[in-house]
Amino acid sequence: MTGTRIAALGHYQPAKVLTNHDLAELVDTDDAWITSRVGIRTRHVAGPDEPVDELAAHAAGKALATAGLTPDDIDLVLVATSTAIDRSPNTAARVAARLGMTSPATMDLNVVCAGFTHALATADHAVRAGGARRVLVIGADKMTAVTDWTDRTTCVLTGDGAGAAIVEAVEDAGDEPGIGPVLWGSVPEMGHAVRIEGTPPVFAQEGQSVYRWATQSLPALARKACERSGIAPEDLAGVVLHQANLRIIEPLAAKIGAVNAIVARDVVDSGNTSAASIPLALAKLVERGELPSGAPVLLFGFGGNLSYAGQVVRVP
């Protein structure tokens, strides 16, 4: 049976860095207040001439180079984003044009902070169904473009960036598929808890509601995602959760029971980059050699729409 695997990863962040001390000059806050409540110290900020598709294309180019592939080796491009300004051409089509692709299928997915894990599952399904052989999956967001810089409860959170993965077919999936079955869902009646609404759109959230949901409801779902892949939490080598807030990541990781896993804490350096956060954090861990090839890692996205999606993957 045809299976799938992640062949390579890539990531990109804008050069400009905004520190907590910089934010203290904009709103009534300070480094101690920010780090004690969300754990973030710095975030990268894209300029007005750096659109989401440019961030995405940089990350994608790195993934292609790592895999030793050309743009025309890709037949489907999926971009998870909620901050693209234009509706058409979509972000995936603009990425394809930037990379010089000739005839890929191109689609955007908007599941906000859970976007990348939804897109990864979609790529897995497309390959297994025979609709694609190689898929470029990107999470990219320019959250600072939808940030209210007068609101100290949200402006301290956001950052910009992109992460990419190349998903390809493997003829013999064996007992350890490279990408495990997805567990996904949502809480529609609580969709108002995380919002990017209005004209121009602005990010807002009900922080306490999100915190309670994430720390109380998600651990059991994350363990179920492990169960679907036949992996016990204690056998995980890594856990990469949506990088929302260190006060959510650390208790959630502990409740999952992944006692031997490296837990991604890229939020400290990158802030909340929405759909980019999981591939960005995963790519950095792999690049630094902290996760060995073939090791099982739980990816679990959650947030906007109060949606969630998670799966266990093998490190490329």
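For the structure itself, look to the data block above.
A quick note: this is a predicted structure, and the numbers were derived from the prediction, not measured. (Residues numbered from 1 in each chain as written. Predicted model: local features only at pLDDT ≥ 70, side-chain atom pairs only at ≥ 80, totals over all residues. Heavy atoms only, no water.)

A. Inspection of the sheet that holds strand S11 (residues 238-241) at higher detail. The strand order S8-S14-S13-S11-S12 describes an open sheet built from five strands, whose pairing is mixed. The two strands at the open ends of the sheet, each matched to only one other strand, are strand S8 (183-186) and strand S12 (262-263). Both strand S13 (residues 296-303) and strand S14 (residues 307-314) contribute to a ladder of eight bridges, which runs antiparallel. What sits directly across from Val297, in S14, is Val313. In this fold helix H5 (residues 115-128) packs onto S8, S13 and S14, with an angle of close to 55° to the strand it touches most, S14. Contacts between helix H6 (residues 207-228) and the sheet are confined to S8, S13 and S14, with S13 contributing the most and set at about 140° to the helix. (Pairing = 2+ DSSP bridges. Helix = DSSP H or I, 4+ residues; strand = E, 2+ residues; numbered from the N terminus. Contact = heavy atoms within 4.5 Å. Axes fitted to C-alpha atoms, helices over the stretch in contact; angles between N-to-C directions.)

B. Expanded view of the environment of Ser229. Residue position: Ser229 is located in the loop between H6 and S11. What makes Ser229 buried here is its relative accessible area of 17%. For the pair Ser229 and Ala129, spaced 100 residues apart in the sequence, the C-alpha separation amounts to 19 Å. Beyond its immediate chain neighbours, meaning those up to four positions away, Ser229 contacts Gly180, Pro181 and Val312. (Buried < 20%, exposed > 50% of the residue type's maximum accessible area, 1.4 Å probe, protein only.)

C. Just the sheet that holds strand S5 (residues 105-109), in detail. The five strands lie next to each other as S1-S7-S6-S4-S5, forming an open sheet whose pairing is mixed. Both outer strands of the open sheet, strand S1 (3-12) and S5, are each paired with one neighbouring strand and no more. The sheet shows a mean angle of 20° between the axes of neighbouring strands, direction not considered. Bridge count for S1 against strand S7 (residues 160-170) is nine bridges, and the pairing is antiparallel. Bridged to Gly3 within S7 is Val170. Those strands touched by H5 are S1, strand S4 (76-80), S5, strand S6 (134-142) and S7, and its axis lies near 165° from that of S6.

D. Geometry of the packing of H6 against helix H7 (residues 246-256). In the contact formed by H6 and H7, the axes pass within 9 Å of each other and the chain directions differ by 30°. Compared by their axis directions, H6 and H7 come out roughly parallel. Between H6 and H7 the crossing geometry is right-handed. Here Val210, Tyr211, Ala214, Thr215, Leu218, Pro219, Ala222 and Arg223 of H6 come into contact with H7, specifically with Arg247, Ile248, Pro251, Leu252, Lys255 and Ile256. Considered class by class, the residues forming the contact of H6 with H7 number 10 nonpolar, one polar and three charged. (Parallel < 35°, antiparallel > 145°, perpendicular 65-115°, else oblique. Left-handed = near helix turned anticlockwise from the far one by under 90°. Nonpolar A, V, L, I, M, F, W, Y, C, P; charged D, E, K, R; others polar.)

E. Spotlight on the pairing of strand S9 (residues 194-197). Examined bridge by bridge, S9 and strand S10 (residues 202-205) share four bridges and lie antiparallel to one another. Within S10, the residue paired with Glu197 across the bridge is Val202. Count of turn residues in the S9/S10 antiparallel hairpin: four residues, of which Gly198 carries a positive phi of about 95°.

F. Region of interest: the pattern of salt bridges. This model, assessed by the stated rule, comprises 11 salt bridges. Here Asp266 makes a salt bridge to Lys284, at a shortest N to O gap of 2.9 Å. Placement of the pair is Asp266 in the loop between S12 and helix H8 (267-270) and Lys284 in helix H9 (residues 277-287), with a sequence separation of 18 residues. By relative accessible area, which is 9% here, Asp266 ends up buried. Residues joined in a network through salt bridges with shared partners are Arg5, Arg134 and Glu168. (Salt bridge = Lys/Arg side-chain N within 4 Å of Asp/Glu carboxyl O.)

G. Representation of the layout of surface pockets within the structure. One number sums up the size of the largest pocket: a volume of about 580 Å³. Lining the largest pocket are 24 residues, and of these Ser82, Thr83, Ala84, Asn110 and Pro201 sit closest to its centre. Considering every element that reaches the lining of the largest pocket, the biggest residue donor is S9, with four residues. Looking at the lining of the largest pocket, its residues break down into 10 nonpolar, nine polar and five charged. If you add up the space inside the second largest pocket, you get close to 450 Å³. What lines the second largest pocket is a set of 23 residues, and nearest its centre among them are Val38, Leu157, Gln205, Gly207 and Asn245. Where the lining of the second largest pocket is concerned, the elements lending two or more residues are helix H2 (31-37), S10, H6, H7 and S13. When residues in the lining of the second largest pocket are grouped by element, the largest group, four residues, is from H6. (1 Å grid on protein atoms, 1.4 Å probe; cavity = no way out; pocket = protein on both sides within 12 Å on 5 of 7 lines; lining within 4 Å. Points joined across faces, edges and corners; volume = space filled by probe spheres on them.)

H. Here's a closer look at the nonpolar core. Core analysis: the biggest nonpolar cluster contains 48 residues, and Leu218, Leu236, Leu241, Leu298, Phe300 and Phe302 have the highest contact counts within it. Looking at this core, the elements with two or more residues in it are H2, H6, S11, H7, H8, S13 and S14. Looking at this core, the element that brings in the most residues is H6, giving eight residues. Residues in contact with Leu218, not counting those within four places in the same chain, are Trp213, Leu252, Phe300, Phe302 and Tyr308. The next biggest cluster of nonpolar side chains, apart from the first, holds 33 residues, and it includes Ile6, Ile179, Ala283 and Leu285. (Core = buried A, V, L, I, M, F, W, Y, C linked by side-chain atoms within 4.5 Å.)

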